[in-house]
Amino acid sequence: MAERTPLGWTCVGPMREKGQVSSQIRTGAHAVTVSEEAGLDRILRQFWEIDSFQPMSDRKSPLTTDEKSAVAHAEETMEMQDGRYEVGVPWKGHTPALNQRSNNKGVALARLRSLEASLLKKPDLKDKYEEVIASNLEKGYVRKLEESDVAIQNEACWYLPHFPVVREDKQTTKVRFVMDAAFQVGGRSLNSEMLPGPKLQNDIVDLLLRFRRRPVALVGDIKEMFSQIWLKESDRCFHRFLWRNMECEREPDVYESTRIIFGGRASPFLAQKVLLHHAEKEKEDFPLAANIIKEETYVDDVMTCLETEEEARQAREELTQLLSKGGFSIRRWCSNRSAPLDGVPDEDKVTINPDSSGLPTTKILGIQWNAEADQFVYDVITPEKIVYTKRGVLSKEVEELHQISIPRCLRPDRQDICDVSLHTFTDASEKAFGAVTYIRYVFSDGSVTVTFVAAKTRVAPLSATSIPRLELMGAQRLFTLGKTAMCGS
């Protein structure tokens, strides 16, 4: 566009330059280029793309060629062995390009020495880690190789470093044995040779919305899910590791994993594929449990809600039977009612704090759920000493979050509901925009109840953006949030 200015005629307009849209101002032989996106603004834009929030009906996408290959390989190699499923690793090639010509074993030995030196400084962790490995050996999750076994496949094999992962917030396994499948030698690693497979997990937002639909809640945890699935025997030689029970002066023994490992790139896909296959296989005998596994489970976390205590009891019994037929077991049962858990051994229930009475509080997908009050709550741990930075001051203010609680069940415990409607609101300012959804119930006596469903916010772009445009972005957020809430609730 040509425009006459005090400096003369000027052409102004967008111009394609090196893949970016720019505004170009030319006067004679002089040019000024103004980039449309600043560096930090571009980072925020990438964050928004990652932080996409779509209704569940819009999330389906066709599988890539690699994903189809991973699915086909899992289906071809999956079979029952001694009451458990066995499955093969979906390699990128026919066999992984992993061997001992790169001296992978020597590097793994150096990592073992480093681990031993670290554990010697932490006696409590050392003892727990030794117990975990001994327990894995006893359960058959790993096996110790004889010298003859090591010699047979000394060339085509791979040694993995390993390390403890400590989770003090866990009520079950606080120290976990994890193999470093991303460990590289010569530019190759176990993970680099695997196909990750498609994402089969349900979306967390969808799961939480479904979990709020009905009055009787039921949750459980599939015990050591990965470790209940056999690795195909021909793949086990690529899952070896060294260990010598902290006897640092002798040569280490060689072990190999017989089950799917934590840290493997394909492990979440394989475990989920096996579980979904098993649910489909058993759906005629256990229709309620099969649907819960497919629609209301996130990896090893089962979370559902039902209309009555009897339905919840039936769901628990079906889930227990269905999973046991695949070699799985379920533990850490919890409900907001006592009746559905009648007959469940105490060791298979969520532990109740001795200082409290009634039903326990447990964590569901990172959110604290108080089963007694049937509310989502915040468990805030603040540092004893506050450092007066922005982060430090905010951490002090976060203490007040423990005063906030959100009812889990969207629907009041009444049968005389006359009308139900979703109401979604949006707003925008120069700093941010967002949307929030509520559900409204009208009862036969004319009374009304309104419950918070979900909210989503975003920081406004750093580049100058008009309020009307931000309001349009908020409207888009309103549409996707409302559609998600309708599908989930």
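First, a word on scope: everything that follows refers to the structure included in this document. None of the values given here were measured: they were computed from a predicted structure.

## Considering helix α9 (residues 309-324)
If you check α9, its first and last C-alpha atoms are 23 Å apart, about what 16 residues at 1.5 Å a residue would give, namely 22 Å. Within the sequence span of α9, burial applies to A312, A315, R316, E318, L319, L322 and L323. Structurally, α9 contributes buried residues whose contacts are with β10 (216-222), α7 (267-281), α8 (287-295), β15 (301-306) and β16 (330-335).

## Thoughts on unusual backbone geometry
In terms of backbone geometry, most residues other than glycine have negative phi values and most peptide bonds are trans. The phi angle at D82 is positive, at roughly 55 degrees, despite the residue not being glycine. Summarising the element assignment, D82 is placed in the loop between β5 (79-81) and β6 (84-87). Located in the positive-phi region is E224, a residue other than glycine, with phi close to 40 degrees. Locating E224 in the fold gives a position in the loop between β10 and β11 (230-231). Note on E224: relative accessible area 18%, which makes it buried.

## What about helix α4 (residues 123-139)?
The end-to-end C-alpha distance of α4 is 24 Å, a good match for the 24 Å that 17 residues give at a rise of 1.5 Å each. Those residues of α4 not exposed but buried are L125, K126, Y129, V132, I133 and N136. For α4, the arc enclosing every buried residue in end-on projection is 125 degrees, short of the 170-degree limit, so these residues lie on one face. Those residues of α4 that are exposed and aimed more than 90 degrees away from the buried face are D124, E131 and E138. Each element contacted by the buried residues of α4 is listed here: α3 (104-120), β7 (142-144), β8 (162-166), β9 (175-179) and β12 (240-243).

## Notes on the sheet that holds β12
In spatial order, the strands read β7-β13-β12; together these three strands make up an open sheet with antiparallel pairing. If you trace the sheet from one side to the other, it starts and ends with β7 and β12, each paired once. Strand after strand, the sheet turns through a mean of 35 degrees between neighbouring axes, direction not considered. Of the strand pairs in this sheet, β12 and strand β13 (residues 253-257) are connected by four bridges, and their pairing is antiparallel. Of the residues in β13, the one forming a bridge with R240 is E256. Where α3 meets the sheet, it contacts β12 and β13, and its direction lies at approximately 45 degrees from that of β12. Here α4 sits on the sheet in contact with β7, β12 and β13, set at roughly 90 degrees to β7.

## Focus on the packing of aromatic side chains
Considering all chains together, one arrives at 10 aromatic pairs under this definition. On the numbers, 5.7 Å between centres and 90 degrees between planes, the contact of Y129 with W243 is edge-to-face. You can see Y129 sitting in helix α4 and its partner W243 sitting in strand β12, a full 114 residues away along the chain. The same class applies to Y129 as to W243, namely buried. Taking the centre distance of 5.1 Å and the plane angle of 20 degrees together, the rings of F226 and F262 count as stacked. Linking F226 in the loop between β10 and β11 with F262 in the loop between β13 and α7, this pair joins segments that are 36 residues apart in sequence. For F262, a relative accessible area of 23% corresponds to the partly exposed category. Each residue in the set Y129, F177, F241, W243 and Y255 is aromatic and connected to the rest through ring pairs, giving one cluster. Residue placement shows R259 over the ring face of W230; its charged tip is 4.0 Å from the ring centre.

## Digging into the environment of F226
A residue is classified by how much of its surface remains accessible, and F226, at 10% relative accessible area, is buried. The sequence separation of F226 and P268 amounts to 42 residues, and the corresponding C-alpha distance is 8.0 Å. Those residues within four positions of F226 in sequence are excluded, and the remaining contacts are R259, I260, I261, F262, S267, P268, A271 and V299.

Analysis parameters
Each chain has its residues counted from 1, following the order in which its sequence is written. The predicted nature of this model means local features are confined to residues of pLDDT at least 70 and side-chain atom pairs, given and counted, to a pLDDT of 80 or more, with totals for whole chains, interfaces and linings taken over all residues. As a rule here, side-chain values cover all heavy atoms of the structure and leave hydrogens and water aside. What counts as a helix is a DSSP run of H or I of at least four residues, what counts as a strand is a run of E of at least two, and both are numbered from the N terminus. By this rule, a helix spans an expected 1.5 Å times one less than how many residues it contains. Three labels apply to residues, based on accessible area from a 1.4 Å probe with only protein chains included: buried if under 20% of the type maximum, exposed if over 50%, partly exposed otherwise in between. Residues are treated as being in contact if the distance between any of their heavy atoms lies within 4.5 Å. Note that the arc is computed from the directions linking the helix axis to the C-beta atoms. In this description, strands pair whenever DSSP reports at least two bridges between them. Axis angles are defined between N-to-C directions and span 0 to 180 degrees, where every axis is a line fitted to C-alpha atoms and, for a helix, only to the segment in contact. Each Phe, Tyr or Trp ring, with Trp reduced to its six-membered ring, pairs with another whose centre is within 6.5 Å; inter-plane angles below 30 degrees give stacked pairs, above 60 give edge-to-face pairs, and intermediate values give tilted ones. Only Lys NZ and Arg CZ are tested; either one counts as a charge over a ring when it is within 6 Å of the ring centre and within 35 degrees of the ring normal.

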